[in-house]
Structures are given as C-alpha cells and as structure tokens.
Amino acid sequence: MIEKWIQADVLSQPPYQVKTTKFQIKLNQNESPWDWPADIKEIISRRILSCGWNRYPDLIPVELREKIGVLCNVSKDSVIIGKGSNEILQAIFTAVIRPKDSVCTLSPSFAVYKMLAEQKGAQINVSNLSSSFTIDESDLKKKASKSKLTIICNPNSPTGTLLPVSVIEDILNNTSGLVVVDEAYVDFSGVTAVELLTSHQNLIITRTFSKAFSLAGFRIGYGLMDKDLATEIQKCLLPFNIDMPSIIALETILDHHELVQNRVEQIIKERDRLIQELNKIDGILAQDSHSNFFLLKTKFGAEKTFNILAEKGILIRDVSSYPGLESYSRITVGKQDENETLIRAFREML
Ligand SMILES: Cc1ncc(COP(=O)(O)O)c(C=O)c1O
C-alpha cells in the first residue's frame, strides 16, 4: 500500500542503524570520551534558563557565524550552520543533485553520502579503497572529473585514511563539479583543505562539533565555502534550523575551546599506544589511523568480537556490512583507563 506514496529509492534503503547494547564503556560513535566541565555546563544552563522559550531563535545565528569564521579564519559570509554536519550535507544534496546526476565518493566511507545520493536518485560513482585501505588517487581524480558532486571524507571514516591537500587540489583543478571535503575528524589529522577555499570556488568543507569538541548532544555542524555558494546552500536549510539551546551551548564553549586542543593531543597519543598494544596480541590486526578511531579485525570475525566485548560492557562498532570491511570492527579511542580495559578484554578473548 505505502509503495504508491514512498519513492522506490527510499523503499529500497535499509534504515540507518547503530547496533547497541548495555555498556559501561562506549567506543562506537567516535565521540569525545570527555564531557564539558560542570562549571561550563552550568553557565550554559543558566543562559538557557534566562531566555524566553516562547520565542524563536535568530533566523540565522549571525554571531555564531562570526565566531566560527574567526575559529576557521574565514569570513562569516562563508559559514553556514546546520543541525550537525549531516544537515549541511543534506542541504548540499538538495541544492545540487537532481535524478541521474553523478555523485562520486570513496568506498568504504561514511554511509550518509550514499543514503543521500540514493534518495535524490543520483548515479553513484564509487572509487574503491585498496585492501590495505589506501586511496587510488588517479581513479578518484578520474571519477571526480566526471561527477557533478564529489564527496571526500578526510580523514576517511571508517578507515582513518588521509588524503594530502595536494591531491585534493589536483581533484579540484580537474573537475567542473563541486567537491565536498568532509573534515569531521580534522582535529585529529591536522590536515585541512581550508586554505584552498579562496582559490577554488568549487570547494565546500563540512565540519562538526560532535567529535573533538565534545558536543554531539547538541547537534551542530557547519559548512565553509565561497560566500555566493553559501547564500544558495543556506536556502536549502529550513528557517530557524538551529535551536536556542544549541546556539547558547556553542557560543559558550567557543569561549573555552583551549580545552579541546589538549584533549585532542591526549587522544592522538592514546590512539597510537592502543593500536601498538593491540597489535602485540596474537590474532588481532589493528590498522593505523589519522583519526580518533581505527579499524580492527580478530580471528573471531566482527559479530563475535562485538558480542564478546558487549558481554564485558564495551560497545564498539561492527562495520562488517561496509563493502571491503567484511571482518572488521571500528573502535573509537577512549580515555586511558577505558583503553586499558579494552586491551585487557582483548587479551582475555584471545
Ligand atoms: C565522516 C562524518 N561526517 C559527518 C558526520 C555527521 O556528524 P554530525 O551530524 O554529528 O555533525 C559523521 C558522524 O559520525 C561522520 O563520521
């Protein structure tokens, strides 16, 4: 019955799911393991309480745009803000893609790109990573040159692979289409394409406050692009998309963001230590990564690995349904004591 209303492209999609269970240690969604300190949460709460809840927030949060502009060293007119970077990606697809348009992306990569492309009836041009998760730069460049929209996750999720900015520049120079670089994990790689914005009108960068900035609960992300492009993409975000509590929370934490850099440094150190320690255990292969997560496989396969760790209260991500990742799990780097518990759990398992 519903088939006559819902588009076939939507009907054929599985719902976006994240397998969960009871846990004490959460290492499945690449969030920061640290919350904001209580005093800062209190400042935010007080400010939210003092606002009228009966009034709409700003149509477009201009001051927040300015603050993000300062953070990224771009003009405020180049910034658009969304309910998570997912909403920015959705607005880009709405503004750019019509049925049969070609969209180029890496595989495996962040599942939302394919989901949005399918919902718009796009043709998806996939550039496959090698079995050791390297990117075939010339294949990506060729496919991007034939696509209306190319999305490159850098560093890539779930593989942690990093593409140098020079390759992104080459791709931008060789296509008449738009290129989106999703920099959700840029804080952990330190590699950004932001300096290419002034020379390349066909570049859009998306970023999020859900990862390094410890703010996944509030749902805020942003896009950086040429200001005329920003005006057009903004039209595809619904009016008043950013709610008052999110505006206040972000404005406040941006005044205290020195905390973030210190935490990022700890995560990078812990990531490298964790990968090294896990690789000492027989029956485990942990992949190097430029992000706050990494891929891992064990001799038990992904499902059993998930279940054994779940029994010990540790939640990881089973990514074995992604193409090319048949036996892999993805693990987010946690706090030092959480990582220690994980290492112990793997030693017991194997
Ligand atoms: C690569 C990548 N891009 C974008 C997002 C979306 O982030 P958010 O909508 O929370 O900003 C995620 C979240 O997991 C991600 O991994």
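In this text, all values refer to a predicted model and were calculated from it rather than measured experimentally. (Residues numbered from 1 in each chain as written. Predicted model: local features only at pLDDT ≥ 70, side-chain atom pairs only at ≥ 80, totals over all residues. Heavy atoms only, no water.)

Draft legend 1. Fine view of the overall build of the protein. Each helix and strand in the protein was counted, giving 13 helices and 13 strands. Structurally, the protein occupies a C-alpha span of about 55 × 50 × 50 Å along its principal axes. In the protein, the share of contacts with a sequence separation of at least 24, taken over all contacts with a separation of at least 6, comes to 72%. Here the protein holds 40 positive side-chain charges and 43 negative ones, and the gap between their average locations is 4 Å. (Helix = DSSP H or I, 4+ residues; strand = E, 2+ residues; numbered from the N terminus. Contact = heavy atoms within 4.5 Å. Lys, Arg positive; Asp, Glu negative; His and termini not counted. Charge placed at Lys NZ, Arg CZ, Asp CG, Glu CD.)

Draft legend 2. Summary view of the sheet that holds strand 12 (residues 317-318). One open sheet holds the four strands; their spatial order is 9-10-13-12, and the pairing between them is antiparallel. Because the sheet does not close on itself, it has two edges, and the strands there are strand 9 (284-286) and strand 12. The pairing of strand 12 with strand 13 (residues 329-332) spans two bridges and is classified as antiparallel. By the bridge assignment, R317 is partnered in strand 13 with R330. Those strands touched by helix 11 (residues 258-279) are strand 9 and strand 10 (293-298), and its axis lies near 155 degrees from that of strand 9. (Pairing = 2+ DSSP bridges. Axes fitted to C-alpha atoms, helices over the stretch in contact; angles between N-to-C directions.)

Draft legend 3. Inspection of helix 6 (residues 137-145) at higher detail. D139, L140 and A144 are the residues of helix 6 that are buried. For helix 6, the arc enclosing every buried residue in end-on projection is 130 degrees, short of the 170-degree limit, so these residues lie on one face. (Buried < 20%, exposed > 50% of the residue type's maximum accessible area, 1.4 Å probe, protein only. Arc of directions from axis to C-beta.)

Draft legend 4. Up close: the domain arrangement of the protein. By domain assignment, the protein separates into domain 1 (2-30 + 258-349) and domain 2 (38-254). Domain 1 and domain 2 are separated by 23 Å when their C-alpha centres are compared. The interface of domain 1 with domain 2 comprises 28 residues on the first partner and 27 residues on the second. Summing both partners gives a buried area of about 2200 Å² for domain 1 against domain 2, and 61% of it is carried by carbon and sulfur. (Domains from an automatic or database assignment. Buried area = accessible area lost by both parts, 1.4 Å probe.)

Draft legend 5. Looking closely at the site of the ligand. Neighbouring the ligand are G84, S85, N86, F110, C153, D182, A184, Y185, T208, S210, K211 and R219. In the environment of the ligand, a nitrogen atom lies 2.6 Å from a nitrogen or oxygen atom belonging to the side chain of D182. One nitrogen or oxygen atom from the side chain of R219 is found 2.6 Å from an oxygen atom belonging to the ligand. The element contributing the most residues to the shell around the ligand is helix 4 (residues 84-96), with three residues. For the shell around the ligand, a count of residues per class yields four nonpolar, five polar and three charged. (Near = heavy atom within 4 Å. Polar contact = N/O pair within 3.5 Å; in protein donor to acceptor, adjacent residues only side chain to side chain. Nonpolar A, V, L, I, M, F, W, Y, C, P; charged D, E, K, R; others polar.)

Draft legend 6. Representation of the nonpolar core in the model. Counting 83 residues, the largest nonpolar core has I68, F209, L250, L278, F294, L342 and F346 as the members making the most contacts within it. A per-element tally of this core places helix 10 (residues 244-254) first, with seven residues. The two domains that each donate at least three residues to this core are domain 1 (2-30 + 258-349) and domain 2 (38-254). Other than its neighbours up to four places away in sequence, F294 contacts L274, I275, L278, A286, Q287, S289, S329, R330, I331 and V333. Of all hydrophobic cores here, the second largest spans 25 residues; its members include I88, A91, V112 and Y113. (Core = buried A, V, L, I, M, F, W, Y, C linked by side-chain atoms within 4.5 Å.)

Draft legend 7. Local environment of the pattern of salt bridges. Inspection of every chain in the model, using the stated rule, returns 21 salt bridges. Where K148 meets D101, a salt bridge forms, and the shortest distance between an N and an O atom there is 3.2 Å. One end of the pair, K148, is in the loop between helix 6 and strand 5 (149-153); the other, D101, is in the loop between helix 4 and strand 3 (102-107), with 47 residues separating them in the sequence. Taking relative accessible area as the criterion, D101 reaches 17% and is therefore assigned buried. Between R347 and E277 there is a salt bridge, and its shortest N-O distance comes to 3.5 Å. With R347 in helix 13 (residues 336-349) and E277 in helix 11, the pair connects residues that are 70 residues apart, well separated along the chain. The partly exposed category is assigned to R347, whose relative accessible area is 47%. Salt bridges here are not isolated pairs; linked through shared partners, they connect E270, R273 and E340. (Salt bridge = Lys/Arg side-chain N within 4 Å of Asp/Glu carboxyl O.)

Draft legend 8. Broad picture of the pairing of strand 8 (residues 221-225). Here strand 8 lies mainly inside the structure; five of its five residues are buried. A two-sided burial pattern is seen for strand 8, the buried positions comprising G221, G223 and M225 on one face and Y222 and L224 on the other. As paired elements, strand 2 (residues 79-82) and strand 8 share four bridges and run antiparallel to each other. Looking at the pairing, I81 lines up with Y222 of strand 8. By the bridge criterion, five bridges tie strand 7 (residues 203-208) to strand 8 in an arrangement that is antiparallel. Within strand 8, the residue paired with I205 across the bridge is L224.

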